[in-house]
Amino acid sequence: MSLKILFSARPGLWDDYEAPFRAALDEAGIVAELGPGVGPPETVDYIVYAPNPDLRDFAPYTRLKAVLSLWAGVETIAGNETLTAPLTRMADPGLKEGMTEWVMGHVLHHHLNIGHALARQSGTWEPYVPPLARERRVAVLGLGELGGAVARALAALGFDVSGWSRRPREIEGVRCVSGPDGLTEALAGAHFVICLLPGTPKTESIVDTAALGSTAPGAVLINPGRGTLIDDDAVIEALDAGQLGHAVLDVFRTEPLPETHPFWAHTGITVTPHVASETRPTTAARFIAENIRRSEDGKALLALVDRASGY
Ligand code: NDP
């Protein structure tokens, strides 16, 4: 039997995804009509979803078996009460690899103080010896698919890594703490703070003045999670006071980051335009095809969103 799979995303994305999706569905043995228009809502079996202002009301999709998000962050859809079918997030291997590389690059840049050499290329011979990784404390906030991979990679390089999650976790080589009290413990004396929490009501402005006050003076904040995780003013104040030495910010409350936002002009901030880890069409299409296969076979879905927790 042929399924109907609606691809609902901003215009243009379909061009990147059509070929990988057709290949992935073939590989998974799924026969489907697939695309941005597949007929009336009540005939659609699955929706492959990326934030799309044109699709807010899922009620007409009466036959829907699941909505499969192309993105890992689902804050724009998790609370949608018109959606009663299961919702899954993206958790493909490409996303983990990309995020690990991006975070490692920025941590190592600051750990080795590469900026010191870049600023002296005009002929200033001024040696600088960085500490070893094991002398640096790193706090990874969020120990899920991405935070867990990042914490493991940093620990493998020798960094002294603490990780924080909602529920207790165990990761070899990482001091794992959880719950509200665990946050201060994870941040205590941290030289690097990496935010890989989802954007939910519970994580709103979790990196505030009090949290930043727990880190080592001159710490580096790296936020590839969501813009809502940090209190923007608190970050600027901590930078100006020297409590933070630098902030690398990839995600923002408003994206694109408005030209007038003070983050752009601050010399202590590196802005990157939400590129920490892109969903890669080939691996993402395989992940979604596998989930459709599992759904059709009556198996548990991968990366199922807990709607009550919002991630
Ligand atoms: P997961 O759902 O796998 O992990 C989320 C982690 O955050 C879990 O460890 C979870 O705890 C923890 N957490 C959630 N709420 C709380 C809380 N209230 N207190 C303490 N810990 C909490 O997500 P991923 O690792 O896949 O992705 C993380 C985020 O990264 C995404 O939600 C998205 O916003 C962002 N992202 C950014 C990208 C970019 O390019 N900038 C690309 C992809 C993702 P527990 O383990 O107990 O569930």
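It should be emphasised that the depicted structure is a prediction, and the values quoted were computed from it without experimental measurement.

S.K.: What should I look at first to understand the sheet that holds strand E7 (residues 160–165) in this one?
M.R.: Hydrogen bonding along the main chain pairs the strands of a sheet, whether they run parallel or antiparallel. The strand order across the open sheet built from seven strands is E8-E7-E6-E9-E10-E11-E12, with neighbouring strands paired in parallel fashion. The sheet is open, and its two borders are formed by strand E8 (175–178) and strand E12 (269–271), each paired with just one other strand. Looking at each pair of strands side by side, their axes are set apart by 15 degrees on average, direction ignored. Inspection of the sheet shows E7 paired to E8 by four bridges, in the parallel sense. When the sheet's bridge partners are listed, Gly163 is paired in E8 with Cys176. Packing of helix H7 (residues 232–241) onto the sheet brings it into contact with strand E10 (219–223), strand E11 (244–249) and E12, and relative to E11 it is tilted by some 145 degrees.

S.K.: Help me out: how do you make sense of the layout of surface pockets in this one?
M.R.: Where empty space is left in the structure can be found by rolling a water-sized probe over the atoms. Taken as a whole, the second largest pocket spans an internal volume of roughly 200 Å³. Lining the second largest pocket are 13 residues, and of these His110, Arg136, Gly218, Val220 and Gly245 sit closest to its centre. Every element with two or more residues in the lining of the second largest pocket is listed here: helix H2 (93–111), E10 and E11. Taken together, the residues of the lining of the second largest pocket sort by class into five nonpolar, seven polar and one charged.

S.K.: Help me out: how do you make sense of the site of the ligand in this one?
M.R.: Around the ligand, the surrounding shell holds 29 residues, and the nearest of these are Leu143, Leu146, Arg167, Arg169 and Tyr311. Within the side chain of Arg226, a nitrogen or oxygen atom sits 3.4 Å from an oxygen atom of the ligand. For the ligand, whose unbound accessible area comes to 930 Å², protein coverage reaches 95%. Mapped by element, the contributors of at least two residues to the shell around the ligand are helix H4 (145–157) and E7. Residue composition of the shell around the ligand, grouped by class: 12 nonpolar, nine polar and eight charged.

S.K.: Could you clarify how one ought to interpret unusual backbone geometry in this entry?
M.R.: Trans peptide bonds make up most of the peptide bonds, and negative phi angles are found at most residues other than glycine. The residue after Glu255, namely Pro256, is reached through a cis peptide bond having omega -5 degrees. Along the chain, the position of Pro256 falls in the loop between E11 and helix H8 (262–265). At Ser205, a position not held by glycine, the phi torsion is positive, near 50 degrees. Following the sequence through the fold, Ser205 ends up in the loop between strand E9 (192–195) and helix H6 (209–213).

S.K.: In this structure, what is going on with H2? I would like to understand it.
M.R.: Given 3.6 residues per turn, any residue in an α-helix points the same way as the ones three and four places further on. With 19 residues, H2 ought to run about 27 Å at 1.5 Å a step, and its terminal C-alpha atoms sit 27 Å apart, in line with that. Those residues of H2 that fall on the buried side of the exposure criterion are Gly94, Leu95, Gly98, Met99, Thr100, Trp102, Val103, Met104, His106, Val107 and His111. One or two steps after H2, the chain reaches Asn113, where phi turns positive at roughly 50 degrees.

S.K.: What's the story with the environment of Pro60 in this structure? I'm lost.
M.R.: Along the polypeptide, Pro60 turns up in the loop between strand E3 (46–49) and strand E4 (66–69). The class for Pro60 is partly exposed, based on a relative accessible area of 34%. C-alpha separation for the pair Pro60 and Leu196, spaced 136 residues apart in sequence, amounts to 34 Å. Discounting residues that sit within four places of it in the chain, Pro60 has contacts with Pro41 and Glu42.

Parameters at a glance
Residues numbered from 1 in each chain as written. Predicted model: local features only at pLDDT ≥ 70, side-chain atom pairs only at ≥ 80, totals over all residues. Heavy atoms only, no water. Pairing = 2+ DSSP bridges. Helix = DSSP H or I, 4+ residues; strand = E, 2+ residues; numbered from the N terminus. Axes fitted to C-alpha atoms, helices over the stretch in contact; angles between N-to-C directions. Contact = heavy atoms within 4.5 Å. 1 Å grid on protein atoms, 1.4 Å probe; cavity = no way out; pocket = protein on both sides within 12 Å on 5 of 7 lines; lining within 4 Å. Points joined across faces, edges and corners; volume = space filled by probe spheres on them. Nonpolar A, V, L, I, M, F, W, Y, C, P; charged D, E, K, R; others polar. Near = heavy atom within 4 Å. Polar contact = N/O pair within 3.5 Å; in protein donor to acceptor, adjacent residues only side chain to side chain. Areas by Shrake-Rupley, 256 points an atom, 1.4 Å probe, with all protein chains shown as cover. Expected span 1.5 Å × (residues − 1). Buried < 20%, exposed > 50% of the residue type's maximum accessible area, 1.4 Å probe, protein only.

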